[in-house]
Amino acid sequence: MSQSAKQQTVWITGASSGIGFSLTKQYLDAGWRVFASARSQGELTALIETHHNLAFVPFDVAQSQQVEKVRELLSEFTDHLDCAVLNAGTCEYLDMTEDHPDWNMMDRVMSVNFFGLVNSVDVCLPLLKKAPRGHLVGVSSQAVQAAFPQAEAYGASKAAARYFLSSLRVDLKPFNIDVTCLLPGFVDTPLTQKNTFPMPFLMSSDEAAKRMFRALASRPYEFAFPKRLSTMLWAGRHFPKWWLGMLAPKENTKD
Ligand SMILES: NC(=O)c1ccc[n+]([C@@H]2O[C@H](COP(=O)([O-])OP(=O)(O)OC[C@H]3O[C@@H](n4cnc5c(N)ncnc54)[C@H](OP(=O)(O)O)[C@@H]3O)[C@@H](O)[C@H]2O)c1
């Protein structure tokens, strides 16, 4: 893996499929040097063969004991990171029709979506601090904008991620590191392909990555898209009775 003097460096987690994979292609097309992480190479395998600016760095974000090793691996490739896009994530839905829903799911989902984000920041912070002006990007979700059914675990993990990033934005300013929280709407990926409910304004992962990449150039605090979904969720947040009536099944009537 070679590096030209001014080539920008980015670390992308959750890069083996979906949004992370599409983002990897975007950054490569723009001439960046990309370090891509996930537990497995997945769709990256073919891309690695054709792109000398791409390296795979295996990382299970839920395993805090891997943090030092992953930082060492990254440091073998580069002495700094211009950008880190912390995108790895998972989604599971709680089933309240059961008397004993699978509450362990809260732990599983938080381990990846929240503590996985914390572990990833732990990996990359020293390398971002060495960049002239680092950019830390986390992927939350539009799900945090209004309540969604069965999203107790997913929504809570993404809301925690959003707050974590907003607080980091304050604390990392003295280090010249900008922090962006991305809030995508519905994107067609393996994560959503198992959904059985309607997904308004669904877009392809390549389209989502294109919008994210373009938006990140100006380093916004947050970027929620598509706007049509943001508007719908704004209404849901401000008119909660209407939102509840629309989403919740009718109460059980006892005979
Ligand atoms: N799709 C949507 O509509 C949507 C909407 C809003 C937000 N998002 C968020 O966007 C991000 C990407 O999701 P996606 O839709 O592109 O889903 P995806 O295609 O399922 O991709 C998830 C990625 O995360 C990786 N990952 C999962 N668990 C991991 C772990 N423990 N350690 C390291 N990597 C892990 C997966 O790779 P391995 O399995 O190989 O590890 C994969 O590369 C997620 O944070 C998701 O919550 C998605």
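The name given to the protein in an unreviewed UniProt entry is SDR family NAD(P)-dependent oxidoreductase, with Marinomonas vulgaris as the source organism. Its UniProt record gives the protein the following Sequence similarities (unreviewed entry) comment, quoted word for word: "Belongs to the short-chain dehydrogenases/reductases (SDR) family."

1. Some remarks on the site of the ligand
Taken together, the neighbourhood of the ligand is formed by 29 residues, with Ser 16, Arg 39, Tyr 154, Val 187 and Thr 189 sitting nearest. A distance of 2.9 Å separates a nitrogen atom of the ligand from a polar backbone atom of Val 61. Within the side chain of Thr 189, one N or O atom sits 2.6 Å away from an oxygen atom of the ligand. For the ligand, whose free accessible area comes to 870 Å², the fraction covered by protein is 92%. Of all the elements in the fold, those that place two or more residues in the shell around the ligand are helix H1 (18-29) and helix H6 (152-172). For the shell around the ligand, the residue count by class is 14 nonpolar, 12 polar and three charged.

2. Brief notes about empty space enclosed by the protein
All told, the structure shown has one cavity of 30 Å³ or more when counted by the stated rule. Each pocket or cavity is described by its volume, and for the largest cavity that value is around 70 Å³. Counting residues per element, the ones that place at least two in the lining of the largest cavity are helix H4 (104-113), helix H5 (115-129) and H6.

3. Here's the deal with the packing of aromatic side chains
With the rule as written, the count across this model stands at 13 aromatic pairs. Aromatic pair Tyr 27 and Trp 32: ring centres 4.9 Å apart, planes at 85°, arrangement edge-to-face. Ring geometry for Tyr 27 and Phe 213: centres 4.8 Å apart, planes at 90°, overall edge-to-face. Highlighted residues: Tyr 27 in helix H1 and Phe 213 in helix H7 (residues 205-216), separated in sequence by 186 residues.

4. Concerning unusual backbone geometry
With an omega of -5°, the peptide bond running from Phe 225 to Pro 226 counts as cis. Mapped onto the secondary structure, Pro 226 falls in the loop between strand S9 (222-225) and helix H8 (227-238). Positive phi outside glycine occurs at Asn 176, with the angle close to 65°. Under the relative-accessibility criterion, Asn 176 is labelled partly exposed at 41%. Phi at Phe 201 is positive, roughly 60°, even though this residue is not glycine. Note on placement: Phe 201 falls in the loop between strand S7 (187-188) and strand S8 (203-204).

What counts, and where the lines are drawn
- Residues numbered from 1 in each chain as written.
- Predicted model: local features only at pLDDT ≥ 70, side-chain atom pairs only at ≥ 80, totals over all residues.
- Heavy atoms only, no water.
- UniProt positions renumbered as here; feature names shortened; annotations may be inferred.
- Near = heavy atom within 4 Å.
- Polar contact = N/O pair within 3.5 Å; in protein donor to acceptor, adjacent residues only side chain to side chain.
- Areas by Shrake-Rupley, 256 points an atom, 1.4 Å probe, with all protein chains shown as cover.
- Helix = DSSP H or I, 4+ residues; strand = E, 2+ residues; numbered from the N terminus.
- Nonpolar A, V, L, I, M, F, W, Y, C, P; charged D, E, K, R; others polar.
- 1 Å grid on protein atoms, 1.4 Å probe; cavity = no way out; pocket = protein on both sides within 12 Å on 5 of 7 lines; lining within 4 Å.
- Points joined across faces, edges and corners; volume = space filled by probe spheres on them.
- Phe/Tyr/Trp six-rings, centres within 6.5 Å; stacked < 30°, edge-to-face > 60°.
- Buried < 20%, exposed > 50% of the residue type's maximum accessible area, 1.4 Å probe, protein only.

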